[in-house]
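Residues per chain are reported as follows:
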Amino acid sequence: MTEGKLMNRWIVVIGAILIQLCLGAIYAWSAFTKKLTESPFDFTKTQTQIIFSVGLAAFAVVMALIAGNWQKKVGPRIVALTGGIVLGLGYVIAGLSGASFAGILIGVGLLGGAGIGLGYVCPIAVCVKWFPDKKGLITGLAVAGFGFGALIWIKLTSGFEFGPVNLTPGWKGLFGMGWGVNQVFILYGILFAVLVALGSLAMVNPPAAWLPQGWTPPSGAAARSTGGQDFTVLQMVKTPQYWALFITFMVGATAGLMVIGVIKLFGIDALTGNGITTDRANIITGTAMGLFYALFNGFGRIIWGSLSDVIGRKNSIILMSAVQGVMMIAFFYIGGTEIGLYLGATIIGFNFGGNFALFPAATADFFGNKNVGTNYPWVFMAYGVGGVVGPILGGAMGDAKAWMWAFVPAGIACLVAAVLIAFIMKTPRVKSA
């Protein structure tokens, strides 16, 4: 069957990006944390991080236990649509909960995370099947919206001001217009449900025998390293390659999510410790997170994915993990300057974004294209572990005024993971389940 007889496969990519723009709302949580520590909410900082961690954990668990198998049975469109509805409903419930911690925890954390978990795997699984010839690039594009979405949802609350550049002069965002947190939750919930529903219309798998026009699948040894073998979940988890991917993704997620959770707290401590005023430190840390981290998080998904198509997934993961390890260690020492904070946020965000292009593509490479929708969620469980360890480690070390013991161990773990991949990541062989 030729490509010309079907819909243009790039329409699938557009739908995938639209879905991911909404799912990236989880990384916009920092836009609400300060407001939630004030009246009428009066949440503690720990409570705001609990909501974030519950969302991350629900994201990973629902994706692994429900979304992967369900989309295989009923197709990706229904699962993506359901994810959008659950995500939107969660934010609306949070918006109607007033100052209730339990209501926002259930709405944004539990239901919001579950909706993201349902929707996230669908664009990846569909795009890999439509683009077996460009897996790195396409998985990067498919998940880039997740990173860029965080930037959009953050800046909608505060205005699109980036340091000296103000793209919306005179407009200070929804909060500046007098909108409350609950009102923004309701607006976002409605937008998420509608936009994900639109994107889900493009979530259709190609026919089983379909191949891109003019592309010939690799054969022999090349096929075995590019999705030629199809592992079941039970076969996959018995391989050392799976555990190497899991551990490497886990430490990469721990590092990246820790920085997302504490960059403002750490940045203010480090900058004010070097004589910068608190007001100025607030602006600098907001720019570091809202512009440099979120923006390059999105770029990292595209660029690392594209690069991996050229130098290979294994080499890309090794390089990304090694650079991340060095930068995490360096960040503790340079984060007390404006340029250092921007540089650290840029590189850490860029590498963190790369995880979401490289690991699904590597899962398809080593364990097959056919079952990537059910296999990748179990690799992605590593992200859920990192989502609990990273923010809690960062928060605990921040409370103890011992920031070094957050960043340096995370950096060392990334370097160890790079070595692990170098020695273990070889083509696996199928063993009976």
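Quick note: structure is the one above.
Throughout what follows, the structure given in this document is the object of discussion. (Residues numbered from 1 in each chain as written. Predicted model: local features only at pLDDT ≥ 70, side-chain atom pairs only at ≥ 80, totals over all residues. Heavy atoms only, no water.)

## Topic: the packing of helix H11 (residues 240-273) against helix H14 (residues 338-367)
Phase 1 of the analysis: Contact pair H11 / H14: the axes reach a minimum separation of 10 Å and the direction vectors enclose 160°. In terms of orientation, H11 lies roughly antiparallel with respect to H14. With respect to the hand of their crossing, H11 and H14 are arranged in left-handed fashion.
Phase 2 of the analysis: Grouping the constituent residues of the contact of H11 with H14 by class yields 18 nonpolar, seven polar and one charged. (Axes fitted to C-alpha atoms, helices over the stretch in contact; angles between N-to-C directions. Helix = DSSP H or I, 4+ residues; strand = E, 2+ residues; numbered from the N terminus. Parallel < 35°, antiparallel > 145°, perpendicular 65-115°, else oblique. Left-handed = near helix turned anticlockwise from the far one by under 90°. Nonpolar A, V, L, I, M, F, W, Y, C, P; charged D, E, K, R; others polar.)

## Structural notes on H14
Phase 1 of the analysis: Taking 1.5 Å as the rise per residue, H14 with 30 residues should run 44 Å; its terminal C-alpha atoms sit 44 Å apart, in good agreement.
Phase 2 of the analysis: Where H14 bends most, the angle comes to about 25°, and this point is asparagine 355.
Phase 3 of the analysis: Taking burial as the measure, the 30 residues of H14 include 26 buried ones, the bulk of the element.
Phase 4 of the analysis: Among the residues trailing H14, glycine 368 stands out with phi positive, at a value near 100°. (Expected span 1.5 Å × (residues − 1). Bend = angle between axes of the 7 residues up to and from the residue. Buried < 20%, exposed > 50% of the residue type's maximum accessible area, 1.4 Å probe, protein only.)

## Side note on the nonpolar core
Phase 1 of the analysis: Ranked by size, the top nonpolar core spans 120 residues in total, and within it Tyr27, Tyr120 and Tyr383 carry the most contacts.
Phase 2 of the analysis: Of all the elements, H11 adds the most residues to this core, at 17 residues.
Phase 3 of the analysis: Residues contacting tyrosine 120, with those up to four places away along its chain left out, are Gln20, Leu23, Phe59, Met63, Val143, Phe146, Arg301, Phe356, Tyr376 and Phe380. (Core = buried A, V, L, I, M, F, W, Y, C linked by side-chain atoms within 4.5 Å. Contact = heavy atoms within 4.5 Å.)

## What about the packing of aromatic side chains?
Each aromatic ring pair is summarised here by two numbers: the centre-to-centre distance and the angle between the ring planes.
Phase 1 of the analysis: According to the stated counting rule, one finds 45 aromatic pairs in the structure shown.
Phase 2 of the analysis: Ring plane angle 70° and centroid distance 5.5 Å describe the contact between phenylalanine 266 and tryptophan 403, whose orientation is recorded as edge-to-face. Here phenylalanine 266, found in helix H11, pairs with tryptophan 403, found in the loop between helix H15 (372-399) and helix H16 (404-424); they are 137 residues apart in sequence, far enough to count as distant.
Phase 3 of the analysis: Joined through ring pairs, the aromatic side chains of Tyr27, Phe59, Tyr120, Phe146, Phe249, Tyr293, Phe352, Phe356, Phe359, Tyr376, Phe380 and Tyr383 make up one cluster.
Phase 4 of the analysis: Between the NZ or CZ atom of lysine 35 and the centre of the ring of phenylalanine 175, over which it lies, the distance is 5.0 Å. (Phe/Tyr/Trp six-rings, centres within 6.5 Å; stacked < 30°, edge-to-face > 60°. Lys NZ or Arg CZ within 6 Å of the ring centre and 35° of its normal.)

## Regarding the environment of leucine 307
Phase 1 of the analysis: One can find leucine 307 in helix H12 (residues 278-311).
Phase 2 of the analysis: Along the backbone, leucine 307 and glutamine 49 are 258 residues apart, and their C-alpha atoms lie at a distance of 34 Å.
Phase 3 of the analysis: The contact partners of leucine 307, leaving out residues within four places of it in the chain, are Gly312 and Ser316.

## Topic: the pattern of salt bridges
Pairing is possible between side chains that carry opposite charge, provided their charged atoms lie close to one another.
Phase 1 of the analysis: Evaluated as defined, the whole model comprises six salt bridges.
Phase 2 of the analysis: The partner of glutamate 338 in a salt bridge is arginine 280, with the nearest N and O atoms 3.0 Å apart. Taken together, the residues span a long stretch of sequence, with glutamate 338 in helix H14 and arginine 280 in helix H12 at a distance of 58 residues.
Phase 3 of the analysis: For glutamate 338, a relative accessible area of 25% translates into the label partly exposed.
Phase 4 of the analysis: For arginine 280, a relative accessible area of 38% translates into the label partly exposed.
Phase 5 of the analysis: Aspartate 365 is paired through a salt bridge with arginine 313; the nearest N and O atoms lie 2.7 Å apart. Of this pair, aspartate 365 sits in helix H14 while arginine 313 sits in helix H13 (residues 313-334), placing them 52 residues apart in sequence.
Phase 6 of the analysis: According to the relative accessible area criterion, aspartate 365 is buried, its value standing at 5%.
Phase 7 of the analysis: With relative accessibility at 9%, the residue arginine 313 sits in the buried group.
Phase 8 of the analysis: Shared partners join several salt bridges into a network, and the residues in it are Arg9, Asp133 and Lys134. (Salt bridge = Lys/Arg side-chain N within 4 Å of Asp/Glu carboxyl O.)

## What about the packing of helix H6 (residues 135-158) against H12?
Phase 1 of the analysis: Running from N to C, H6 and H12 cross one another at 175°; their axes reach a closest spacing of 7 Å. With respect to H12, the element H6 is oriented roughly antiparallel.
Phase 2 of the analysis: Across the contact of H6 with H12, the residue classes tally to 12 nonpolar, nine polar and four charged.

Keep in mind these numbers describe shape, not what the thing actually does.
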